[in-house]
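Working through the structure, step by step
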Amino acid sequence: MVLLGAPCWLRSRLTDRFWRVQEVLKYARHFRGRKNRCYKLAIRSVRRAFVKSTKARREKKRFLRALWITRIEAASLEHGLKYPAFISNLLKSQVELNRKMIADLAIYEPKTFKSLAALAQRRRQEGFLAALGDGKEPEGIFSRIVRHY
Amino acid sequence: RYVRQLQRLQLLFSPTAADARGARQFVEEAALDFARQHPDVVLYISPRCGPAPLLLAEYLNGTVREELIASKTSEEIVQLATKLAGQSGLDIIRIRKPFHTDNPSVQGQWHPLTNKPSALTVQGPRLQPQ
């Protein structure tokens, strides 16, 4: 149906403007100032909020990884090890735990974390002996690599 | 064994209204088949002369979901009913974490005094271990 000319347009009125406006305002209710009430200011703020939340999903991964690293560093310093030494020695002893799990262990299972720190420390000492001791002594126990075929 | 979370489905429609035509066709044709295919869901058909036709779904955890079926065909109502029958009654919002435990800590959660030596074990010039 083609509506030509203004007298024909005036027949159809917009009746659900309220709900169209509420669809946008419901995402702005927790904002500060007039942008939680006024539609004109709210559409801008809501659009920016959505764009920021989309972009922040990539940042969240970096942020959480940094948080886990900070926590593991704090926990390993309690046991006398620095973070690079802890992580590198754990990897050399074939303990492939990611930072999220190690951080959760450090919070909820402190004794397990203490044993992990002790393992890393022992592997570190064996690494020093292998590098400085020059050959004659037998290889350390925790330096052995298990291959799963 | 699988327990269906949908308790009952109430079909409220008016016998004369124009937008309840799909609901009436559903009752005539597909309601019996639906009830036979889902034997653990109770289907209540109640004609009432009131507002728009509704499909009320009540779940085992108490949530009640209302779906408008005005101006829908019989097939669409069947699809809607099967979708509701497959859902559980949990709210449909964003799940913050895909995991949950009631007992997160087995060895005791860390607190600032976990790795500090206590007065019982300190060996210093003044304090003696007991």
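Here, every reference points to the structure presented above.
Residues numbered from 1 in each chain as written. Chains lettered and ligands numbered in written order. Predicted model: local features only at pLDDT ≥ 70, side-chain atom pairs only at ≥ 80, totals over all residues. Heavy atoms only, no water.

1. Here we look at the overall build of chain B
The condition that has to hold: Secondary structure elements follow DSSP: runs of H or I no shorter than four residues count as helices, runs of E no shorter than two count as strands, and numbering proceeds from the N terminus. Throughout, the radius of gyration refers to the C-alpha atoms, and the reference size of a globule is 2.2 Å times the residue count to the power 0.38. When accessible area is computed with a 1.4 Å probe and restricted to protein chains, residues below 20% of their type maximum are described as buried, those above 50% as exposed, and intermediate ones as partly exposed. Residue contacts are counted whenever heavy atoms from the two residues lie within 4.5 Å of one another. A 1.4 Å probe and the Shrake-Rupley method give the accessible areas. Residues count as covered only by the protein chains that appear here. As used throughout, the charge tally considers Lys and Arg to be positive and Asp and Glu to be negative, leaving His and the chain termini uncounted. All charge positions are set by atom: Lys at NZ, Arg at CZ, Asp at CG, Glu at CD.
Helix and strand counts for chain B come out as two helices and four strands. Over its C-alpha trace chain B gives a radius of gyration of 28 Å, far above what one expects of a compact globule, namely 14 Å for 130 residues. If you line up chain B on its principal axes, its C-alpha atoms span 95 × 30 × 20 Å. Counting every position in chain B, which comprises 130 residues, the buried fraction comes to 25%. When contacts within chain B are restricted to residue pairs at least 6 apart in sequence, those whose partners lie at least 24 apart make up 67%. Carbon and sulfur atoms form 55% of the exposed surface of chain B, whose accessible area is close to 9,600 Å². Of the side chains in chain B, 15 bear a positive and 12 a negative charge, and the two mean positions are spaced by 14 Å.

2. A word on the interface of chain A and chain B
For clarity, the threshold we go by: Buried surface area refers to the total accessible area, computed with a probe of radius 1.4 Å, that the two partners give up upon joining, counted for both partners together. Salt bridge, as used here, is a side-chain nitrogen of Lys or Arg placed within 4 Å of a carboxyl oxygen of Asp or Glu. For this scheme, ten residues count as nonpolar: Ala, Val, Leu, Ile, Met, Phe, Trp, Tyr, Cys and Pro. Four count as charged, namely Asp, Glu, Lys and Arg, and the remainder, Gly too, count as polar.
Between chain A and chain B, the contact holds ten residues from the first and ten residues from the second. When the area that chain A buries against chain B is broken down by residue, the three leading residues are A:Glu78, A:Tyr108 and A:Pro110, summing to 52%. Our enumeration of links across chain A and chain B arrives at zero salt bridges. Mapped by element, the contributors of at least two residues to the side of chain A that touches chain B are helix H5 (99-108) and helix H6 (110-132) of chain A. The leading source of residues in the side of chain A that touches chain B is H5(A), at four residues. Looking at the side of chain A that touches chain B residue by residue, the classes come out as four nonpolar, two polar and four charged.

3. Here we look at unusual backbone geometry
Backbone geometry at A:Gln94 places phi at a positive 60°, although glycine is not the residue there. Looking at where A:Gln94 falls in the secondary structure, it is placed in the loop between helix H4 (83-92) and H5. At B:Ser71, a position not held by glycine, the phi torsion is positive, near 55°. With respect to the secondary-structure elements, B:Ser71 resides in the loop between strand E4 (64-68) and helix H2 (74-86). A residue is classified by how much of its surface remains accessible, and B:Ser71, at 63% relative accessible area, is exposed.

4. A short note on the sheet that holds strand E1 (residues 6-13) of chain B
Residues and elements named next belong to chain B. Just so we agree on the cut-off: Should DSSP find at least two bridges between two strands, the strands are taken to pair. Under this scheme, a helix contributes an axis fitted over its contacting stretch, all axes are lines through C-alpha atoms, and angles between N-to-C directions fall in the 0 to 180 degree range.
Across the sheet, four strands lie side by side as E2-E1-E3-E4; this open sheet has mixed pairing. The sheet is open, and its two edges are formed by strand E2 (42-47) and E4, each paired on a single side. For this sheet the average axis-to-axis angle between neighbouring strands, irrespective of direction, equals 15°. Judged from the six bridges that link them, E1 and E2 form a sheet pairing that is parallel. Within E2, the residue paired with Leu 9 across the bridge is Leu 43. Most of the contacts of helix H1 (residues 21-37) go to E1, to which it runs at about 160°, and overall it touches E1 and E2.

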